[in-house]
Amino acid sequence: MPRLLRTLLLLPLLLAPAFPAAAVSLVTLTLDPTESSLTPMLGAPQSLSGTLTLSLGDVPPGGGNTAFDLVGLAITASGGGTIGIDPSVIGPLLGVLHPAGDWLFPVLSLLLTQPSTSDLSLSIADVTGVVTFGSDGSLASLSSAFSIDTGLAVGNLAVNVVAVPEPGTLPLLAGALATLATIAQRRRREAIR
Amino acid sequence: MNARALTLSLALAAVFAMGVALASCPPGGVTDALVRREYLSVPGYVEPHTPGSGVSGVEMPTTTTVQQILGPTPNLNQVSYARFSLPRPDPNAKPRIILILVPGFVSGAGPFNALAQQLVLAFGGNLEVWVIDRRPNQLEDLRGSLYAQGKLEQATPDLNGFLDGIQFYFPDQPGVDVNGNGIQDPPFALPDALGGTSPFRQLGQNDARFMAYWGVDTYVRDWKILVDQAREEVGPQGLVLFGGHSLGTEWAGIFAAYDFDPGPGVDAGYKKIDGLLLLELGGPGAPGANLPTHAAYLDAVNTLATSTLDTDQVFLPSFSGASLSQFGAAAELAGLDGTFRPGLPSLLQRTALFQTFPLNIVVIAPLTSQTMIGLFLDNNTSPVAELAGSFGFSDDGPNSLFPAIPSAGILSSFYLLHPRADGQPRQWKNYNDPTLPTCPPFNPDPAVDGGPGCVIRDLGPRPAPTDPPARWGLEAQVSDLTDMLQTLFQPGNFLEWYYGTGRTNLDLQFGRDSSSLGDESLLAVTQNANVNVPVLCIGGSDGLAPTEASFADYLGSIATPAADKQIFIAEGYAHLDVLTAKNNIAVPYIVSWMSQLLQRKLLGTP
């Protein structure tokens, strides 16, 4: 296989999510419904499921902060409601990831929908959370817990989110790493010859 | 985990907690109501000639008229502003962004409500908007308006009391019987700040000679106090943004270009802010021709300060031929009348103001107060259409087109509302009325046949980027008259009754560069070429800044890199709409711009 063609075919793998050398990468995370929930002060908790997609700067961050942008959100509550990024927002929701793994969205602009009712735009200030990294430097998990103060008698809504790279991402990442290892091994052989 | 969050949402709670349908919530009302508006005053720049400065031998005295409004020893070195915020769960929580805005020509803080509310909500309370109410606003005699409001807000509204409030400002005259009691009442008097009673205290030029020292230097130093306070609140990782609407864009650009160090050092305004937001005008222009020399400048200031002639004006006495302060009072009362007596004949039309020139040639039909305010604020019916917005229309009677008379200051034609055949007052259709009449493409004037005319005009195609600015696009109807009525009588109202002209006009001749004056203790607009903060410009295609070219002159004069000069033109928006539109299409662009700047700040990226 010609080297150029091989490189082109491998390009998607080389740009796979969470690869540390990439300046910007996309990571899709899947919520763990057993640990992700929305709990009204008055009422039963609802589990949350779905995905969120992040656009990241260098991860894990080196000496400074890095961009941590939410570019996709598709969450369903067990009660039937859905939560996504407010489509009136231009561009992604912009956040910051600190070297220690804690992150911040100064504002999280969401659209909430519920069957047979009007949609609702909602902006939440200073949503924070934490990500962890695997030994290979890839993003391993995300968690956040925050409350939404309705300012009304019904009180706060407590939100918990725990998410991990979606299953499909892990084999892709493993495949990319394996291919890179093969390429490196072949290059070493060629260099020896 | 420490996570503070805010929301706006009765509806959210309904969905997830109570199972109540979202549709049961009033659209928009719940969220808008959560934004808090406070009118605040803090000590301003101590301008030494100003009453209350305490600078012996320099401080100017106040007249009895001023004292009746403000008390025997007023301190006029105050800076006032309307602060828009969302209550936070943590009362000590600080916003990450504060946007400070300067109103335009003869404008108070009132017109900014809708824009400020939408921005505060979009950031979930992580942003505050502070709208400046310039110094002269504190000179307004609001006693009659407050009295009238109190009478209307009673459990059983007191209409006679409201009429007394009207007669405080607009007393009976021969042939004018405001309350219809058949006699010519004396002016209605109210307790004043000197312990007596008095009717409306309308300032003359000689009551405000201290305004000779309220020039650019005084204003920007007032605003620097707010900028410094804002910086303290948001911290070094937060944003302090500065901007303005209309002529306020000129003020904003001048603030950025100002050197606050009157000595040889430089303390530039732009270094105190993180960005400029220019709404519906293109910022400060180049210095004018025939600028005064240093000596002529000082002479002019001295004349303004010492003259006893009304022609030496420190404030604008009239606008479109009518007293500006009477306009201001009438706007307060009409706002009250339209809010508390919707659909009924306007009581303001009983006053001499509306029965004499020039208003008696503009208001010729019986109107409701909503229609009266609509007439003056809407770009289809206002005699000053260039400064108006898109608030709906009145089509329940014949309308004719009043021609433009540039020599008389009427720069574009406007609809004149004629009486209805049945004698009932003309009603106003708000911006969202589905029956507003749409014009044919490139509509000329369908009202000449005696019909109602039309309101949604097509202004034609967008000019090419290289063409001079010109209006284009399909006119939008976006601004809520009902909301506007309430801004007319709130603290920090719609009009600036005593808009400073003498000294500010002297200063504004220098535009964005006062270097030729050669005296930074008087005026120090010297840093414009060094201004290098991000700038976002918002225009309205039916306004005063209809294309990108509207901003080219100013943007070309500053050092900001091209990538940080952004422009958005809102199609169909008129001059006021960028402030007053209900679902403002410029807001997402402003929010995106601010979000990017905030992220850059948090990342430590220049």
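Residues numbered from 1 in each chain as written. Chains lettered and ligands numbered in written order. Predicted model: local features only at pLDDT ≥ 70, side-chain atom pairs only at ≥ 80, totals over all residues.

What follows covers the overall build of chain A. A tally of helices and strands in chain A yields two helices and ten strands. For chain A, with 193 residues in total, the buried portion stands at 37%. For chain A, the proportion of contacts with a sequence separation of at least 24, taken over those separated by at least 6, is 53%. (Helix = DSSP H or I, 4+ residues; strand = E, 2+ residues; numbered from the N terminus. Buried ≥ 20, exposed ≤ 12 C-beta atoms within 10 Å, placed from the backbone. Contact = placed C-beta atoms within 7 Å.)

Attention now goes to the overall build of chain B. In terms of helices and strands, chain B carries 17 helices and 14 strands. For 606 residues, the compact-globule estimate of 2.2 N^0.38 gives 25 Å, and chain B sits close to it at 24 Å. Along the three orthogonal principal directions, the C-alpha set of chain B runs to about 70 × 65 × 55 Å. Across the 606 residues of chain B, 53% fall into the buried class. (Rg over C-alpha atoms; globule rule 2.2 N^0.38 Å.)

Residue and element names in this part refer to chain B. One finds I100 and L119 to be the most contacted residues of the largest nonpolar core, which totals 203 residues. In this structure, this core is formed jointly by two domains, domain 2 (37-140 + 206-307 + 498-603) and domain 3 (347-480), each of which donates at least three residues. The contact partners of I100, leaving out residues within four places of it in the chain, are W130, I132, W223, L226, V227, A230 and F242. (Core = buried A, V, L, I, M, F, W, Y, C linked by C-beta atoms within 7 Å. Domains from an automatic or database assignment.)

So, about the sheet that holds strand β1 (residues 36-43) of chain B. Residue and element names in this part refer to chain B. In spatial order, the strands read β1-β2-β4-β3-β7-β8-β13-β14; together these eight strands make up an open sheet with mixed pairing. Looking at the sheet topology across the chains shown, the edges are occupied by β1 and β14 (565-574). Adjacent strand axes in the sheet meet at a mean angle of 20° when their direction is disregarded. Running over the sheet, helix α7 (residues 216-234) touches β1, β2 (78-85), β3 (97-102), β4 (127-133) and β7 (239-245) and is turned about 165° from β3. Contacting β3, β7, β8 (275-279), β13 (535-542) and β14, helix α17 (residues 587-603) crosses the sheet at an angle of about 150° to β7. (Pairing = 2+ DSSP bridges. Axes fitted to C-alpha atoms, helices over the stretch in contact; angles between N-to-C directions.)

Attention shifts here to α17(B). Taking 1.5 Å of rise per residue, 17 residues should cover 24 Å, and α17(B) covers 24 Å from first to last C-alpha, within 8% of that figure. Just downstream of α17(B), B:G604 is the residue with a positive phi angle, here 75°. (Expected span 1.5 Å × (residues − 1).)

Direction of pairing for β1(B) relative to β2(B): antiparallel, over a ladder of eight bridges. Considered in β2(B), the bridge of B:R36 is made with B:S85.

Right, let's talk about the domain arrangement of chain B for a bit. Residue and element names in this part refer to chain B. We note that the domain assignment places domain 1 (1-34), domain 2 (37-140 + 206-307 + 498-603) and domain 3 (347-480) within chain B. Computed over C-alpha atoms only, the centres of domain 2 and domain 3 are separated by 31 Å. On the domain 3 side, the residues contacting the 18 residues of domain 2 number 22 residues. Secondary structure elements with two or more residues in the side of domain 2 that touches domain 3: β13, β14 and α16 (577-580). Per-element tally for the side of domain 2 that touches domain 3: the top contributor is β14, with four residues. Per-class residue counts for the side of domain 2 that touches domain 3 are seven nonpolar, six polar and five charged. (Nonpolar A, V, L, I, M, F, W, Y, C, P; charged D, E, K, R; others polar.)

Okay, unusual backbone geometry next. Going from B:F357 to B:P358, the amide bond is cis rather than trans, its omega being 5°. Within the element layout of this structure, B:P358 appears in the loop between α11 (352-355) and α12 (369-377). Phi at A:D126 takes a positive value of approximately 50°, unusual for a residue other than glycine. The residue A:D126 is located in strand β8 (residues 120-133) in this model. Positive phi, close to 55°, is recorded for B:N290, a residue that is not glycine. Residue classification places B:N290 among the exposed residues on the basis of 6 C-beta atoms within 10 Å.

This brings us to the packing of helix α10 (residues 324-340) of chain B against α12(B). Residues and elements named next belong to chain B. Closest axis-to-axis distance for the α10/α12 pair is 7 Å, and the angle between their directions is 130°. Viewed along their axes, α10 and α12 adopt a mutual orientation that is oblique. Listed contacts from α12 to A334, G335, D337 and G338 of α10 are S369, Q370, M372 and I373. Its residues assigned to classes, the contact of α10 with α12 comprises three nonpolar, four polar and one charged. (Parallel < 35°, antiparallel > 145°, perpendicular 65-115°, else oblique.)

To continue, consider the packing of helix α5 (residues 143-152) of chain B against α10(B). Residue and element names in this part refer to chain B. Relative to each other, α5 and α10 sit at 10°, their axes nearing to 10 Å. Judged on the interaxial angle alone, α10 and α5 are roughly parallel. Facing α5, whose interface residues are G144, S145, A148, Q149 and L152, α10 presents A329, E332, L333, L336 and F340. Class assignment for the residues of the contact of α5 with α10 results in six nonpolar, three polar and one charged.

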